[in-house]
Amino acid sequence: MRIARVQTFPLYLSKEDADNSYAGDTAVEHRGYVIRPPWRSLYSPGYETLLVKIETEDGLVGWGEALAPVAPVVAAAIVDNLLTPLIIGEDPRSVRTLWHRMTESMRERGHLTGHQADAMAAVDIALWDLWGHATGLSVSELAGGRFTEVLPTYVSGIRGVDDAERADKAAELVDAGVRRIKLHLGVDIRTDLATYDAIRAVHPDLDVALDAHWTYRLGEAKVLGKELDDRRAWFFEAPLAPEDVEGHRDLAASLATPIAIGEAMRSRFEFTDWLTRRAVGLTQPDIGRTGITEGLAIAAVADAFHAQVAPHHSAAFGIAMAAGVHVAASAASLLAFEYQPFTLPVANRLLTTPLEVRPDGGFVVPTGPGLGVTVDEAAIQEYVRH
């Protein structure tokens, strides 16, 4: 069995094609992309992603996806020009050896971060999917088995014009059985706490986490963190700039609320550094950025440090989501999987077999071969950006 062809598909869905863009209604136009103050990162006004299709000489196919919410053509160029020559003609079942070859090739070429890592993640996911189709086994079976058939999840993001409307929407989720919610905040201490308190008051058994999107300085984060301690917050995500490892270590040592980090990191080496310094209490790798091979390694490293895993998932589509679900199901120290109701319909748009989430938020792990999802190639062609 040999790899015969690798194709890349940079996709773009406009805000009109996909309702409820992750950028939201408060975004400010920035040279073709948008910024959502007070957050600093670029977002697409719609949805963007990169899909990779790998085919063998005998017609087997595997699909992968990179979390590439801006400029997927960059990651596509890396796949086309740097990674494809490394895997053409190789046995796709040699996933770990091909991953090693790709990661070694990136030294001095971006190493294991940024667009290089995202491109490798897409290829790696496609290889795992192809391996599953070759054996008839799911990715989580190939990884050694599942710890659960339905993932515990948390709802990520409650939208509304004010806290009263957000609380009403949280109440609807609670009525459906949801008991874990993460708020996307980082406005200022007073505003964040007011929103937190409004949501927390919805139900006595509701666990609430706060994602600050890296907006605070250390002193501010300590003040907010102490208030979250008093409220027994579930976790405090991305409080400081992601470059400040020592600041996070200082903050983590001063708080009881777990510090959650990981969506900006892509390798076991990064996570090991943070875990060794006790700068993170909850690890959040995004499999659309790490790939399955590295995602499993990160989960193992976290487990060795007695830290739980809660895989991140935001604006990627159903292929990356399915990959994240399989890694989460294979993780012994799983806390929960991130679930954004606004992005799920978009994620399923490219699948003929949609991913299933129960009303209470539980993610059903696909059991078919590979990722267990079927890709709608006609839908992909509709959104390819040339």
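Note that the structure is predicted; figures quoted are calculated from it, not measured. (Residues numbered from 1 in each chain as written. Predicted model: local features only at pLDDT ≥ 70, side-chain atom pairs only at ≥ 80, totals over all residues. Heavy atoms only, no water.)

## A look at the nonpolar core
Next, step 1: The biggest cluster of nonpolar side chains holds 112 residues, and the ones touching the most others in it are I54, F236, I292 and F363.
Next, step 2: Top contributing element to this core by residue count: helix α3 (residues 114-135), with eleven residues.
Next, step 3: If you count residues domain by domain, this core takes at least three from each of domain 1 (3-137) and domain 2 (142-375).
Next, step 4: Discounting residues that sit within four places of it in the chain, I292 has contacts with D124, I125, W128, V139, I287, A323, V327 and L371.
Next, step 5: By size, the runner-up hydrophobic cluster in this structure holds nine residues, among which are A209, A260, L282 and A310. (Core = buried A, V, L, I, M, F, W, Y, C linked by side-chain atoms within 4.5 Å. Buried < 20%, exposed > 50% of the residue type's maximum accessible area, 1.4 Å probe, protein only. Helix = DSSP H or I, 4+ residues; strand = E, 2+ residues; numbered from the N terminus. Domains from an automatic or database assignment. Contact = heavy atoms within 4.5 Å.)

## Remarks on the domain arrangement of the chain
Next, step 1: When its domains are assigned, the chain resolves into domain 1 (3-137) and domain 2 (142-375).
Next, step 2: Of the residues lining the interface, 42 residues belong to domain 1; the matching set on domain 2 comes to 46 residues.
Next, step 3: Counting the surface lost from both domain 1 and domain 2, the interface buries some 3600 Å², and carbon and sulfur atoms represent 65% of this.
Next, step 4: For the interface between domain 1 and domain 2, the tally reads one salt bridge.
Next, step 5: Linking domain 1 with domain 2 are 13 residue pairs in polar contact (both at pLDDT 80 or more), by the criterion used here. (Buried area = accessible area lost by both parts, 1.4 Å probe. Salt bridge = Lys/Arg side-chain N within 4 Å of Asp/Glu carboxyl O. Polar contact = N/O pair within 3.5 Å; in protein donor to acceptor, adjacent residues only side chain to side chain.)

## Quick word on the pattern of salt bridges
Next, step 1: Tallying each qualifying case throughout the model produces 19 salt bridges.
Next, step 2: The partner of R93 in a salt bridge is D91, with the nearest N and O atoms 2.9 Å apart.
Next, step 3: With a relative accessible area of 16%, D91 lands in the buried category.
Next, step 4: Between D118 and R266 there is a salt bridge whose closest N-O contact spans 2.8 Å. Of this pair, D118 sits in helix α3 while R266 sits in the loop between β12 (259-261) and α9 (268-276), and the two are 148 residues apart along the sequence.
Next, step 5: Look at D118 and you get buried, because its relative accessible area is 5%.
Next, step 6: Accessibility expressed as a relative area gives 14% for R266, which makes it buried.
Next, step 7: Where salt bridges share partners, they join K182, D211, E237 and E338 into one cluster.

## Some details on the side chain of T215
Next, step 1: Here T215 lies in the loop between β10 (207-211) and α7 (218-230).
Next, step 2: From its side chain, T215 meets the backbone oxygen of G186 in a polar contact 3.1 Å long.
Next, step 3: Discounting residues that sit within four places of it in the chain, T215 has contacts with P38, W39, R40, G186, A238 and P239.

## Quick notes on unusual backbone geometry
Next, step 1: The residue after P37, namely P38, is reached through a cis peptide bond having omega 10°.
Next, step 2: Here P38 shows up in the loop between β3 (33-35) and β4 (42-43).
Next, step 3: A positive phi angle is found at H111, which is not glycine, with a value near 55°.
Next, step 4: Here H111 is to be found in the loop between α2 (95-105) and α3.

## A closer look at the packing of helix α5 (residues 163-175) against helix α6 (residues 189-200)
Next, step 1: Close contact between α5 and α6 brings their axes to 9 Å; oriented N to C, the two are set at 35°. Here α5 and α6 pass one another in a crossing that is right-handed. In this structure, α5 uses D163, R166, A167 and A170 to contact α6, whose residues at the interface are A194, T195, A198 and I199.
Next, step 2: Split into classes, the residues belonging to the contact of α5 with α6 amount to five nonpolar, one polar and two charged. (Axes fitted to C-alpha atoms, helices over the stretch in contact; angles between N-to-C directions. Left-handed = near helix turned anticlockwise from the far one by under 90°. Nonpolar A, V, L, I, M, F, W, Y, C, P; charged D, E, K, R; others polar.)

## What to know about helix α11 (residues 318-329)
Next, step 1: Between its first and last C-alpha, α11 extends 16 Å over twelve residues, near the 16 Å set by a 1.5 Å rise per residue.
Next, step 2: Judged by how many residues are buried, α11 sits mostly within the fold: twelve of twelve residues are covered.
Next, step 3: For α11, the full list of buried residues reads G318, I319, A320, M321, A322, A323, G324, V325, H326, V327, A328 and A329. (Expected span 1.5 Å × (residues − 1).)

## Thoughts on a negative patch on the surface
Next, step 1: On the surface, a cluster of negative charge is made up of D162, D168, E172 and D175.
Next, step 2: Mapping D162 onto the fold places it in the loop between β8 (153-156) and α5. (Patch = residues over 30% accessible without salt bridge, like charges linked within 9 Å, V, L, I, M, F, W, Y side chains within 5 Å. Areas by Shrake-Rupley, 256 points an atom, 1.4 Å probe, with all protein chains shown as cover. Lys, Arg positive; Asp, Glu negative; His and termini not counted. Charge placed at Lys NZ, Arg CZ, Asp CG, Glu CD.)

## A closer look at the pairing of strand β9 (residues 180-184)
Next, step 1: Counting buried positions over the five residues of β9 gives four, a clear majority of the element.
Next, step 2: With two bridges connecting them, β8 and β9 associate as parallel partners. Residue pairing for β9: S156 is matched across the bridge by K182.
Next, step 3: Assessed by its sense of winding, the connection that carries the chain from β8 through α5 to β9 is right-handed.
Next, step 4: Where β9 and β10 come together, five bridges link them in parallel fashion. (Pairing = 2+ DSSP bridges. Right-handed = clockwise from strand over helix to strand, strands pointing away.)

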